[in-house]
Amino acid sequence: MTVLQWFIFFLALQIVHYLGTWKLYEKAGRKSWEAAIPVYNAIVLMKIINRPTWWTALLFVPIVNLIMFIVVWVETLRSFGKNTTKDTILGVITLGFYIYYINYFEEVTYKRDRSLVATTKTGDTVSSLLFAVVVATLVHGYVLQPFNIPTASLEKSLLVGDFLFVSKLHYGPRTPKTAVALPMVHDSIPLVGTKSYLSYPQLPSFRFPGLQPIKRNDIVVFNWPIDTVYFFRDPSGRHIDKPLDKRSNYVKRCVGIPGDNLSIKNGDVYIDNKKLILPERAKPQYSYTVVTDGSSFDAAYIMEDLQITDGVYPTGKPNEFYFAAITEASAKRLKDNPSIKSIVRNNSTEPDKRVFPHNQNWNQDNYGPIYIPKAGKMVHLNKETLPFYRRLITVYENNTLQEKGGQILINGKPATTYTFKQDYYWMMGDNRHNSEDSRYWGFVPFDHVVGKPVFIWWSIDPNLPWSRAIDKIRWNRLFCTVGGDGQPTSYFPYFLILLVGWFGFDFYRKRKAKNS
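Right, let's walk through the structure included here. What you see is a predicted model, and the numbers here were worked out from it, not measured in a lab.

## What about the overall build of the protein?
1) Next: Counting its secondary structure elements, the protein contains 13 helices and 21 strands.
2) Next: Its C-alpha atoms put the protein at 95 × 80 × 40 Å along the principal axes.
3) Next: Looking at the protein as a whole, 47% of its 516 residues are labelled buried.
4) Next: Put simply, of all contacts in the protein between residues at least 6 apart along the chain, 66% involve residues at least 24 apart.
5) Next: Here the protein has roughly 27,300 Å² of accessible surface; of this, 61% comes from carbon and sulfur atoms.
6) Next: The positive charge centre, built from 61 side chains, and the negative charge centre, built from 43, are 7 Å apart in the protein.

Structural data, given as structure tokens:
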């Protein structure tokens, strides 16, 4: 929806509100016209229902407002003596239109000094649940979002089975584009697997200022730009065009920031022709071909010794094995094994049309150079450069683009240059030969960025059964930070000490209060 369409829709809501409540405003000692003034009518309504004025702001927070509407309907009914379970249910299932009936057809009395505590157990339970959902939705949408690592693309830095808290504050929280959705779930309803949102209407979205810009080598959670899958692991293969904020969440390392000229040479990333220096915690992995001397080769032992999780496979040639993902340090250790005759890192040499922009003689290990667009910067457009930036111009920045008679037309006008409206980033997995990343689908726009992983609060090994619960839980990863210098350190023991201290203090406080 356009801004004009949203304005018309907003005014229509004000008319609906006025027609359904003006008599109730009068019975509460207010003027009927106060029910018709946008925003002001909500402030007055908060006074009528004896709720704080700041609740008004929650009525304009997407997703949260869907819950707040229910709360306000129920509170309005209670303010006029309609506080039975039947009244509550009617107010909710009629989407508030039960208030119309009260407004026109019932003689009700305004309860100015009513108790704000629900008079029924059902009402009290509903109120508590709604309040909890509102708070959790605000935190989930604008502060911290839980996230699970589903794939091995960042193996060693982040493991499959890690559960993270992703900070929205670091890069700036976004307001939702999707107006109608279930709170605290993403694109599908857990267990059921159906859509958790309505594709229309869509809201104009903006981002609040962040604590920091995205830095090179940051691990970033973002919405997969080309996502059209109905939901992950859907066996039917259904496709759907998703709103931006409902595209699948990916986590990768940002190896290129706006303004960089990026290239990949023999698997190593270069920025402006200088090799990218990765932080200590980053452990890039590559696939290797290993040839043994024919003596006994225990693949399971090797995998456990080198902490390899991605597999070792025979190639079909005598005494030759394919190691899907190991670090350079592990490769050196493996080379020292007396049964190993040779170990060679696999570097792609043949052109691979799967890699972006799908018309170059590049591959996953030898790629570029490619310019990463920066907001306000201009690029020249011609038949060579257009494949790199076509999607950015049309899909991400909402322009029309045509090619006619050898000319490029943007929004119907000839164009030989284009100035970008937002920043773009290049995201890659550390598991370089097993990561679907920017090499295959291109740039990540800034408006697709979700946040920065900051904390691992839980971690389990999916390869072990729960019968081995002690081993399945990765105790050394609990309460670890994701970024920072040096090796990750678990703060779980300190958390346990604080928890025990808190319970001890709380027990002492209650006992002292009881004896006094």
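Now that the structure has been shown, we can carry on.
## Some remarks on the packing of aromatic side chains
1) Next: Under the defined criterion, the tally for this structure stands at 40 aromatic pairs.
2) Next: Note on Tyr367 and Trp426: the rings are 5.6 Å apart at their centroids and 50 degrees apart in plane angle, and the pair reads as tilted. Note that Tyr367 is positioned in strand S12 (residues 367–371) and Trp426 in strand S18 (residues 424–428), a separation of 59 residues in sequence.
3) Next: Residue Tyr367 is classed as buried on the basis of its relative accessible area of 1%.
4) Next: Residue classification places Trp426 among the buried residues on the basis of a relative accessible area of 0%.
5) Next: Put simply, the rings of Phe356, Trp362, Tyr367, Phe388, Tyr389, Tyr396, Tyr418, Phe420, Tyr424, Trp426 and Phe443 touch in pairs and so form one group of aromatic residues.
6) Next: Lying over the aromatic face of Phe446, Arg207 brings its terminal NZ or CZ to 4.3 Å of the ring centre.

## Considerations on the sheet that holds S12
1) Next: Taken in spatial order, the four strands line up as S7-S6-S5-S12 in an open sheet, and their pairing is antiparallel. The open sheet terminates on both sides in strands that have one partner only, identified here as strand S7 (274–275) and S12.
2) Next: Of the strand pairs in this sheet, strand S5 (residues 261–265) and strand S6 (residues 268–271) are connected by four bridges, and their pairing is antiparallel. Its bridge partner being in S6, Leu262 is matched across the sheet by Ile271.

## Comments concerning the sheet that holds strand S14 (residues 401–404)
1) Next: Read from one edge to the other, the open sheet built from three strands follows the order S14-S15-S16, with strand pairing classed as antiparallel. Of all the strands in the sheet, just S14 and strand S16 (413–414) have a single pairing partner and so form its edges.
2) Next: For S14 and strand S15 (residues 407–410), the ladder comprises four bridges, and the chain directions are antiparallel. Of the residues in S15, the one forming a bridge with Gln402 is Leu409.
3) Next: Contacting S14 and S15, helix H10 (residues 386–396) crosses the sheet at an angle of about 135 degrees to S14.

## Re the pattern of salt bridges
1) Next: Under the definition given, this model contains 20 salt bridges.
2) Next: For Arg216, the salt bridge is made with Asp260, and the minimal N-O distance between the two is 2.8 Å. Of the two residues, Arg216 sits in the loop between strand S2 (162–167) and strand S3 (219–223) while Asp260 sits in the loop between strand S4 (249–256) and S5, which places them 44 residues apart along the sequence.
3) Next: For Asp260, a relative accessible area of 4% puts it in the buried group.
4) Next: Because the salt bridges share partners, they merge into one network encompassing Arg51, Glu75, Arg78 and Arg114.

## Observations regarding a nonpolar patch on the surface
1) Next: Residues Phe131, Val135, Val139, Val143, Leu144, Leu169 and Leu211 make up a contiguous nonpolar surface patch of roughly 580 Å² in combined accessible area.
2) Next: When residues in the nonpolar patch are grouped by element, the largest group, three residues, is from helix H7 (residues 121–142).
3) Next: Position of Phe131 relative to the elements: it lies in helix H7.
4) Next: In this structure Phe131 comes out as exposed when scored by relative accessible area, which is 55%.

## Regarding the packing of helix H1 (residues 3–27) against helix H2 (residues 40–48)
1) Next: Running from N to C, H1 and H2 cross one another at 35 degrees; their axes reach a closest spacing of 12 Å. In this structure, the crossing between H1 and H2 has a hand that is left-handed. When H1 is examined against H2, the residues Gln14, His17 and Tyr25 are found in contact with a partner set consisting of Asn41, Val44, Leu45 and Ile48.
2) Next: Of the residues that constitute the contact of H1 with H2, the class distribution is four nonpolar, three polar and no charged.

## Some points on the pairing of S3
1) Next: Judged by how many residues are buried, S3 sits mostly within the fold: five of five residues are covered.
2) Next: Burial along S3 is two-sided: the residues Ile219, Val221 and Asn223 and Val220 and Phe222 are all buried.
3) Next: Two elements, S3 and S4, share five bridges in a ladder whose sense is antiparallel. Bridge pairing in S4 links Asn223 to Asn249.
4) Next: Here S3 runs beside strand S20 (residues 449–459); their pairing, made up of two bridges, is antiparallel. Across the sheet, the residue bridging to Phe222 is Val449, located in S20.

Each value, and the rule that gives it
Residues numbered from 1 in each chain as written. Predicted model: local features only at pLDDT ≥ 70, side-chain atom pairs only at ≥ 80, totals over all residues. Heavy atoms only, no water. Helix = DSSP H or I, 4+ residues; strand = E, 2+ residues; numbered from the N terminus. Buried < 20%, exposed > 50% of the residue type's maximum accessible area, 1.4 Å probe, protein only. Contact = heavy atoms within 4.5 Å. Areas by Shrake-Rupley, 256 points an atom, 1.4 Å probe, with all protein chains shown as cover. Lys, Arg positive; Asp, Glu negative; His and termini not counted. Charge placed at Lys NZ, Arg CZ, Asp CG, Glu CD. Phe/Tyr/Trp six-rings, centres within 6.5 Å; stacked < 30°, edge-to-face > 60°. Lys NZ or Arg CZ within 6 Å of the ring centre and 35° of its normal. Pairing = 2+ DSSP bridges. Axes fitted to C-alpha atoms, helices over the stretch in contact; angles between N-to-C directions. Salt bridge = Lys/Arg side-chain N within 4 Å of Asp/Glu carboxyl O. Patch = residues over 30% accessible without salt bridge, like charges linked within 9 Å, V, L, I, M, F, W, Y side chains within 5 Å. Left-handed = near helix turned anticlockwise from the far one by under 90°. Nonpolar A, V, L, I, M, F, W, Y, C, P; charged D, E, K, R; others polar.

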